[in-house]
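# Results of the structural survey
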Amino acid sequence: MNVHESEKLAGILEQKGYIKGQDVNNADIVVFNTCCIRESAEQKILGNIGAIKPIKKKRKNMIVAVCGCMSQQKDMASNLRAKFPFIDIVFGANNVEFFGEYLDTYLEQKKFLNKVENDKQYLENATGVPFVRDNSLYAYVNIMYGCNNFCTYCIVPYVRGREKSRNPDEIYKEVKTLIDMGYKVITLLGQNVNSYGLDGSTKGVYFADLLENIAKMEGDFELRFMTSHPKDLSDEVIKVMANNDKISKSLHLPVQAGSNKILKAMNRNYTKEMYLNLISKIRDAIPNITLSTDIIVGFPGETDEDYQETVDLLKQIRYHNAFIFMYSKRKGTIAEKMDNQVPLTIKRERIHNLLDIQHQISEELFKNMVGTIQRVLIESFDTKFYQGKSQCGKVVKIENNYKSKIGEFYDILITDYLKGNLIGKVYNGRKEN
Ligand code: 5AD
Ligand code: SF4
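### Some remarks on the overall build of the protein
Scanning the protein from terminus to terminus reveals twelve helices and 17 strands. A compact globule built from 433 residues should have a C-alpha radius of gyration of about 22 Å, and the protein, at 23 Å, falls within 12% of that. Expressed as lengths along the three principal axes of its C-alpha atoms, the size of the protein is roughly 65 × 55 × 50 Å. Put simply, the protein has 433 residues, and 54% of those count as buried. With an accessible surface of roughly 20,400 Å², the protein has 49% of that area assigned to carbon and sulfur atoms. Positive and negative charge centroids in the protein, built from 60 and 54 side chains respectively, lie 4 Å apart.

### Structural notes on the site of ligand 1
Close to ligand 1 lie Ile37, Arg38, Tyr153, Gln256, Asp294, Ile296, Phe325, Met326, Tyr327, Ser328 and Arg330, which account for all nearby residues. Here Tyr153 contributes a backbone N or O atom positioned 3.0 Å from a nitrogen atom of ligand 1. Here an oxygen atom of ligand 1 and a side-chain polar atom of Asp294 are 2.6 Å apart. Burial of ligand 1 by the protein chains amounts to 86% of its free accessible area of 400 Å². Here the residues of the shell around ligand 1 sort into six nonpolar, two polar and three charged.

### Things to note about the site of ligand 2
Around ligand 2, the neighbouring residues are Cys147, Asn149, Phe150, Cys151, Tyr153, Cys154, Val156, Pro157, Gln191, His229 and Arg268. The class makeup of the residues in the shell around ligand 2 is seven nonpolar, three polar and one charged.

### Topic: the packing of helix 8 (residues 235–243) against helix 10 (residues 272–285)
Remark: helix 8 packs on helix 10, axes separated minimally by 9 Å, with the N-to-C direction vectors making an angle of 25°. With respect to helix 10, the element helix 8 is oriented roughly parallel. For helix 8 against helix 10, the interelement crossing comes out right-handed. Of the residues in helix 10, those in contact with Asp235, Ile238 and Ala242 of helix 8 are Leu278, Lys281, Ile282 and Ala285.

About the criteria used
Residues numbered from 1 in each chain as written. Chains lettered and ligands numbered in written order. Predicted model: local features only at pLDDT ≥ 70, side-chain atom pairs only at ≥ 80, totals over all residues. Heavy atoms only, no water. Helix = DSSP H or I, 4+ residues; strand = E, 2+ residues; numbered from the N terminus. Rg over C-alpha atoms; globule rule 2.2 N^0.38 Å. Buried < 20%, exposed > 50% of the residue type's maximum accessible area, 1.4 Å probe, protein only. Areas by Shrake-Rupley, 256 points an atom, 1.4 Å probe, with all protein chains shown as cover. Lys, Arg positive; Asp, Glu negative; His and termini not counted. Charge placed at Lys NZ, Arg CZ, Asp CG, Glu CD. Near = heavy atom within 4 Å. Polar contact = N/O pair within 3.5 Å; in protein donor to acceptor, adjacent residues only side chain to side chain. Nonpolar A, V, L, I, M, F, W, Y, C, P; charged D, E, K, R; others polar. Axes fitted to C-alpha atoms, helices over the stretch in contact; angles between N-to-C directions. Parallel < 35°, antiparallel > 145°, perpendicular 65-115°, else oblique. Left-handed = near helix turned anticlockwise from the far one by under 90°. Contact = heavy atoms within 4.5 Å.

In structure tokens:
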């Protein structure tokens, strides 16, 4: 989400005549697009803003702006300004579209501008803003903003507000333009894409309809989406995924924890059994699916037994990838006030152990891919090999180069797994859609 919002910020700047800089020491403007999902992200940003101080001292006219979800937190704009008096503009994650106007106001008044507005989501303006996408093959498209789930550890609903779905026709238009421009992988974005339309704003178009209608569009492209909340992933969505070749057969389905006690304390609204049942349903419908997940270790009250249930779940499900985080206390969330916080040493122990276990599972699964045929988008050529990525994001190096073309999908027969990369051969020439 943040990466995509940065593409919007870059678009606004380009429209105003700025060009992308190579060296911050010569910049006319520096924009920090922040994230506050975990404390480590905030620390990193604070360090980076601090590093600008000596540059700003030399370049008095350089404009420093800070935006994103971190600045959206209560009192953060004034706290940031107190800590870093050289910041010129602060605005929130929900009003990125208006950066151009803020910039004009600042240039006119040359006075610190605080434009964090907590009660607004300027969604309707989103479509008019240009994007500057770094990558020419992969494109993100927002389909909804905000989140209603209030998982007890998570700050997102507080900083990004309630769920709001974008108009489906605007989404179709944007996706069609991207396909016509030659983008090959379209990723639909939302904090909880499965509740698309549930706010009643899309005239009865729900996520399954959106997926199906986009998958029917002409062109050689692949459709992905993130993120899905397990409690909302419907049978219809599974069916649409199974029935449409253009929809990626890779699914990110955050489980967060394996213990029902912890899932309840997290307010996830599903049990381990419900999650496992969902996975079975998905695997029955789409046998070649690759799965990934998010896990939090060390949530308040997590005992060794609870943690062991997460370990067991990971071993049972066998995800191709898992993003594993130590629980991080976020201000204003319900879990912040829970009194049974887990000590850092235990969190560290658990994360290292779980990363090792997951690494082993991933290695086994990728080795098992040898002999299978994977759909791969060729991205680049480096002296010897064409290379691309499989649907689940794994790098694939192509041995028989002669037919490959960057930006095209190929069926690749996987011949080896070496040092974290899949090796393969173009199987049957170009895959026809
Ligand atoms: N601490 C640790 N991880 C978190 N996530 C969200 N909030 C926190 C937190 N307070 C993780 C969840 C989510 C992912 C995007 O970030 O696993 O799925
Ligand atoms: Fe945060 Fe839960 Fe919403 Fe995901 S679903 S953004 S973890 S509150």
